[in-house]
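Residues per chain are reported as follows:
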Protein chains: 2
Amino acid sequence: MSWFSVAPGAPFGTEELPYGIFSLAGGDPRIGVAIGDQVIDLAVVAEAADRSSGHFRQPSLNAFLAAGPEEWGRTRELLQWLLSDESGPDALQPHLHPMAEVRLHLPFQVADYVDFYASEQHATNVGRIFRPDGAALTPNWKHMPIGYHGRSGTVVVTGTDVVRPHGQRKAPEDDAPTFGPSTKLDFEAELGFVVGTPSTLGEPVPVEDFHDHVFGVVILNDWSARDLQAWEYVPLGPFLGKSFATSVSAWVLPLAALGYAEVELPDQDPELLPYLEGRSHGYDITVEVELNGQVISRCPAAGLYYSPAQMLAHLTVNGASLRTGDLYGSGTISGPAPGQCGSLLELTWNGGRPLQLPDGGHTFLSDGDLVVMRASAPGQHGRIRLGEVAGRIVAGTVSGS
Amino acid sequence: MSWFSVAPGAPFGTEELPYGIFSLAGGDPRIGVAIGDQVIDLAVVAEAADRSSGHFRQPSLNAFLAAGPEEWGRTRELLQWLLSDESGPDALQPHLHPMAEVRLHLPFQVADYVDFYASEQHATNVGRIFRPDGAALTPNWKHMPIGYHGRSGTVVVTGTDVVRPHGQRKAPEDDAPTFGPSTKLDFEAELGFVVGTPSTLGEPVPVEDFHDHVFGVVILNDWSARDLQAWEYVPLGPFLGKSFATSVSAWVLPLAALGYAEVELPDQDPELLPYLEGRSHGYDITVEVELNGQVISRCPAAGLYYSPAQMLAHLTVNGASLRTGDLYGSGTISGPAPGQCGSLLELTWNGGRPLQLPDGGHTFLSDGDLVVMRASAPGQHGRIRLGEVAGRIVAGTVSGS
């Protein structure tokens, strides 16, 4: 039991203890832990507990992430002890700041960003829309978690405006490509997995070592310009259709908080190659997507075909090394029901079936639209939360004319 | 005229003045400039000249790259003055170290790594080999420099062994994929362009601003596992077939050294969209590929269809920002003649026509093979050089079994 009383409507309870980077007016950014509607100043708390605080007094989580699973565990235990009735409020209370008074920053310096494509329903929907004459799933899809590298330099924190990208597009019936602001701007609801412990070049990381390397989870919105993407992506994959912005939540939920959310994977048939087998699990996390204040989708990550441990094993099986701060996305999470798709591409079937909302019909995103994603999962005492990732679309500057 | 006398066979003359990171036994890595077979200790030289040396006494070029074009110009002028007969040897001579006595490191911390596909001959050859039933060039190819993001965490410096990657492959006639060490390991001869000055998210960088942002050039070997690549790359592009290693030369040649190598672009037809037009040029750099001591190809970058300025404008036209340390490759450089292809895929036509070398027939790379790429270009007084990028293939550890 905890002496801490969670304010009604607060973004977090006492179970999550997610990590982020905060600053007070005029102060240096450093590590904070969210609880209720408060932020714990972790460096100060660690010093008060006679613990080294060097990797907490940093403008990113990276040094703490690099410290590895034992330090992650010790830190969480310290926080849980300080929140317990046995300890009482005196040690922690003075180091809490109301969340309304802090500024939140990108929580970690992103090393490489990889995006997977692990939802069978999403891959099937996209295949049907983009390649109507072919098989919906490519022949490799059920043999490996398909992925590609995205742009790590344009990963931004929740609250950052997203400038509508300009670019080339060409419809099949057009003679030549045209240039202009994207007319099919979309979101993608995903989970992002954050690597703490690096690995050695040339040495694959097996499925079983997932918890030794991956620290936690963010909510990730992989903004996508479908018109740019459709014209550019053959043969080398998505590039400018994705690279303009990827938004992540300010709070990284440690995997240690998600023990009650672990679920078995769906049946994987045909049988996978041995390097993808082994004990591995999914997470029963639901990502809720809100457009201009209306919930338009609830995306069930429990249904993802591949586990994050399988994604990690695949990513490194060729000997590619991990660095602290590597981020990999699950790919858009779509379930089988109509209200479970993680993109407007699917929810409106490429714009052909507008969503009817109180503010009118919606196909793709308009300037001024606000997309907010929130996520939650089963915890020990009710549902736990992953915070939110929000972004508003703004018009881009005219260029290339 | 310079008092410096270049040793016969030395890797550089007095025109190049390329930058790298070196260390002496037991010393900290810091910026060096190569001349002849010597390395100039730049921080010490700057201090002796009463110049600030903070960004030279660093383990990567990044702080110097971030300082921008004026500082790049001032530094090159200082070096040219110190090498001139007017100055004489006394100021520089004490700060030279024989290249044989220094250790060279990865010259810059790679932010994002993008690889383009700008050689028409290469794209045509690959299209014919990988998609024999379709058009060799995809419909978008002559409208934009096609590119994708690679893995920046596995960019390694010349001399680093390359571990043969394991992975999945499936030939069309196979029922199911199999797992094992790549049987079609290849190199790709490319130029890599190194970004110094960052840009702002949401603001494209026009073709004309190329020299404000790009500092210099490296030779780049984009190692590729063709069997892994062929099975994985549809629909999201190359991933594990490329991400295990990308080698770069230890020395970054500043664009300022390449004024005599600027050449007009080939005819671009159909006409490009306006954002890709404007004053822009290629570089008449030839990359020579040596396999186990035999020159097997001379790849002419002068024939690339797109200029590096067009690649930069395309990369940012959607508002994607640049960071100091961004690296983008030209894509494999292949000319129209048989001995001008930048990959074994093309030189052996997917392994069907082995190269006959003194040590036997070669299709793809065997364990123990050594690939060395060297490059040169016209300078003011004869040809200038870009150093070399070398890598030896070593067997990978067995995994996934």
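Residues numbered from 1 in each chain as written. Chains lettered and ligands numbered in written order. Predicted model: local features only at pLDDT ≥ 70, side-chain atom pairs only at ≥ 80, totals over all residues. Heavy atoms only, no water.

Chemist: What should I look at first to understand the domain arrangement of chain A in this one?
Modeler: Note on interface size: it is often stated as the accessible area lost on association of the parts. Residue and element names in this part refer to chain A. For chain A, the assigned domains are domain 1 (19-105) and domain 2 (120-394). A straight line from the C-alpha centre of domain 1 to that of domain 2 covers 29 Å. Counting from both sides, the interface comprises 18 residues of domain 1 and, opposite them, 18 residues of domain 2. Together domain 1 and domain 2 conceal approximately 1300 Å² of surface at their shared face, both sides included; 73% is due to carbon and sulfur atoms. Of all residues in domain 1, the largest losses of buried area upon contact with domain 2 belong to Y19, L65 and W72, amounting jointly to 40% of the total for that side. Along the contact surface separating domain 1 from domain 2 lie zero salt bridges. The tally of links from domain 1 across to domain 2 stands at one residue pair in polar contact (both at pLDDT 80 or more). (Domains from an automatic or database assignment. Contact = heavy atoms within 4.5 Å. Buried area = accessible area lost by both parts, 1.4 Å probe. Salt bridge = Lys/Arg side-chain N within 4 Å of Asp/Glu carboxyl O. Polar contact = N/O pair within 3.5 Å; in protein donor to acceptor, adjacent residues only side chain to side chain.)

Chemist: Looking at this model, I keep getting lost on the relation of the copies chain B and chain A. Mind explaining?
Modeler: Once turned by 180° and shifted 0.0 Å along the axis, chain B lies on chain A with an RMSD of 0.0 Å. Look at the turn and shift together and you get a two-fold axis relating the two. Closest to the rotation axis within chain B is the C-alpha of B:G237, separated from it by 2.0 Å. (Least-squares fit on C-alpha atoms with pLDDT ≥ 70 in both.)

Chemist: Before we go on, may I ask you to explain helix α4 (residues 120-130) of chain A in this structure?
Modeler: With eight of eleven residues buried, α4(A) lies mostly within the body of the structure. All of the buried residues in α4(A) are A:H122, A:A123, A:T124, A:N125, A:V126, A:G127, A:I129 and A:F130. (Buried < 20%, exposed > 50% of the residue type's maximum accessible area, 1.4 Å probe, protein only. Helix = DSSP H or I, 4+ residues; strand = E, 2+ residues; numbered from the N terminus.)

Chemist: Which parts of the structure should I look at to understand the interface of chain B and chain A?
Modeler: Contacts between the two partners involve 60 residues from chain B and, on the opposite side, 59 residues from chain A. Both faces considered, chain B and chain A share a buried interface measuring about 5600 Å² in area, 63% of it formed by carbon and sulfur atoms. Considering only the side of chain B, the residues that lose the most area to chain A are B:R151, B:L236 and B:F239, jointly responsible for 15% of the buried surface there. For the pair chain B and chain A, the interface holds two salt bridges. For A:D326, the salt bridge is made with B:R151, and the minimal N-O distance between the two is 2.8 Å. Of all the elements in the fold, those that place two or more residues in the side of chain B that touches chain A are β6 (113-116), β7 (147-150), β10 (166-169), β11 (178-181), α6 (226-232) and α7 (308-316) of chain B. Counting residues per element, the side of chain B that touches chain A draws most heavily on β7(B), which supplies four residues.

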